[in-house]
Amino acid sequence: TRARVMAAEWGYSPTNGPDVWARLFPQAGGARQSPVDICTSIASSDSNLEMKKLTFAYESQSDLRILNTGHGWKVEAPQSGSRLEGGPLGEDIYQLEQFHCHWGETSAEGSEHTVDGRAYAGELHLVHWNTTKYQSFAEAAQHPDGLAVLGVFFDVGNESNDEIEKIVSTLSEIKFKGQFTDIPDVIDPTTFLPSGLGYWTYLGSLTTPPCNECVIWIVYKEPITVTEEQVTYH
Ligand SMILES: NS(=O)(=O)c1ccc(NCc2ccco2)cc1
Ligand SMILES: [Zn+2]
């Protein structure tokens, strides 16, 4: 049926894009949908967040599987030894499940969140789930505090990012949606994070179908620098 075809083919065109996602993914019409435009003038600084520092600890992994999602790349990186906690996350521990990026046709746009109306060239998402309260990623994605996603903006500059290079250097092997390959290099997700650890946080959702309203968003203020080649389709 049309419903099945639609569910398989959500995208970003006028006929299958965000404006019609709610027809098949009811949560897309909800009250806490992501992405949002971050208006820095009304973002309030919350003293308790400073009290309880956000801390993270990741493992380095090799032979991670990278998938062409049709909208960018996704690296499956379940890390039982990883921990994200503190800041807006209360007393719960969140564990890394995967990381992926959103980018555009040109480096003029591509990020999902915008800051005072400004889009960045792209955006990296490190997706974590609440292992204190839930038994699996899929279960956590059904609850308002189930996931925590770290967002890092990509700024285009002259220096390439060595860790991102390890990832995008494999894309020539997975030119088509659904293809995957293994990244031989050792990847340490810590290296994706900017040096300045200031962030904005809000309660939101998955930014793509099924658009579950289950994400505590933590978006770093400082972008990381990548080259044009590292953040555009080619
Ligand atoms: N861009 S994002 O970080 O908000 C994001 C978007 C979609 C998923 N999908 C993973 C999923 C959860 C339940 C069913 O499928 C995961 C993360
Ligand atoms: Zn994402």
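Residues numbered from 1 in each chain as written. Chains lettered and ligands numbered in written order. Predicted model: local features only at pLDDT ≥ 70, side-chain atom pairs only at ≥ 80, totals over all residues. Heavy atoms only, no water.

Observations concerning the site of ligand 1
1) Next: In the vicinity of ligand 1 lie 14 residues, with His100, His102, Leu206, Thr207 and Thr208 positioned nearest.
2) Next: A distance of 3.3 Å is found between a nitrogen atom of ligand 1 and a side-chain nitrogen or oxygen belonging to His100.
3) Next: His102 has a polar side-chain atom sitting 3.2 Å from a nitrogen atom of ligand 1.
4) Next: Look at ligand 1: alone it shows 430 Å² of surface, and the protein chains cover 80% of it.
5) Next: When residues of the shell around ligand 1 are assigned to their parent elements, the largest contribution, three residues, is made by strand S6 (residues 94–103).
6) Next: Split by residue class, the shell around ligand 1 holds seven nonpolar, six polar and one charged. (Near = heavy atom within 4 Å. Polar contact = N/O pair within 3.5 Å; in protein donor to acceptor, adjacent residues only side chain to side chain. Areas by Shrake-Rupley, 256 points an atom, 1.4 Å probe, with all protein chains shown as cover. Helix = DSSP H or I, 4+ residues; strand = E, 2+ residues; numbered from the N terminus. Nonpolar A, V, L, I, M, F, W, Y, C, P; charged D, E, K, R; others polar.)

A few points about the environment of Ser41
1) Next: With respect to the secondary-structure elements, Ser41 resides in the loop between strand S1 (37–38) and helix H3 (47–51).
2) Next: The spatial distance from the C-alpha of Ser41 to the C-alpha of Gly110 is 23 Å, given a sequence separation of 69 residues.

Things to note about the coordination of the zinc ion (ligand 2)
1) Next: Every protein donor of the zinc ion (ligand 2) is accounted for by His100 (NE2), His102 (NE2) and His125 (ND1), and the metal-donor separations fall at 2.0 Å.
2) Next: Metal-centred angles of 100 to 118° between the four donor atoms at the zinc ion (ligand 2) mark the site as tetrahedral.
3) Next: Counting the intervening residues between successive donors of the zinc ion (ligand 2) yields the motif H-x1-H-x22-H. Of this pair, His102 sits in strand S6 while His125 sits in strand S9 (residues 122–130); the two residues are 23 residues apart in sequence, bridging distant segments of the chain.
4) Next: Owing to a relative accessible area of 9%, His102 belongs among the buried residues under this scheme. (Donors = N, O, S within 2.8 Å, 3.2 Å for Na, K, Ca; no water. Tetrahedral: all angles 85-135°; square planar, octahedral: opposite > 155°, others 65-115°. Buried < 20%, exposed > 50% of the residue type's maximum accessible area, 1.4 Å probe, protein only.)

Side note on the pattern of salt bridges
1) Next: Within the structure shown, the criterion is met by six salt bridges.
2) Next: One salt bridge in this structure joins Arg118 and Asp155, with 3.0 Å as the shortest N-O distance. Here Asp155 lies in strand S10 (residues 147–156) and Arg118 lies in strand S8 (residues 118–119), a separation of 37 residues in the sequence.
3) Next: Note that Glu163 is salt-bridged to Lys166, the shortest N-O span being 3.2 Å. Taken together, the positions of Glu163 and Lys166, both in helix H5 (residues 162–168) and three residues apart, correspond to about one turn of that helix.
4) Next: The exposure class assigned to Lys166 is partly exposed, which follows from its relative accessible area of 23%.
5) Next: A cluster of three or more residues bridged by salt bridges with shared partners is formed by Asp92, Lys133 and Asp145. (Salt bridge = Lys/Arg side-chain N within 4 Å of Asp/Glu carboxyl O.)

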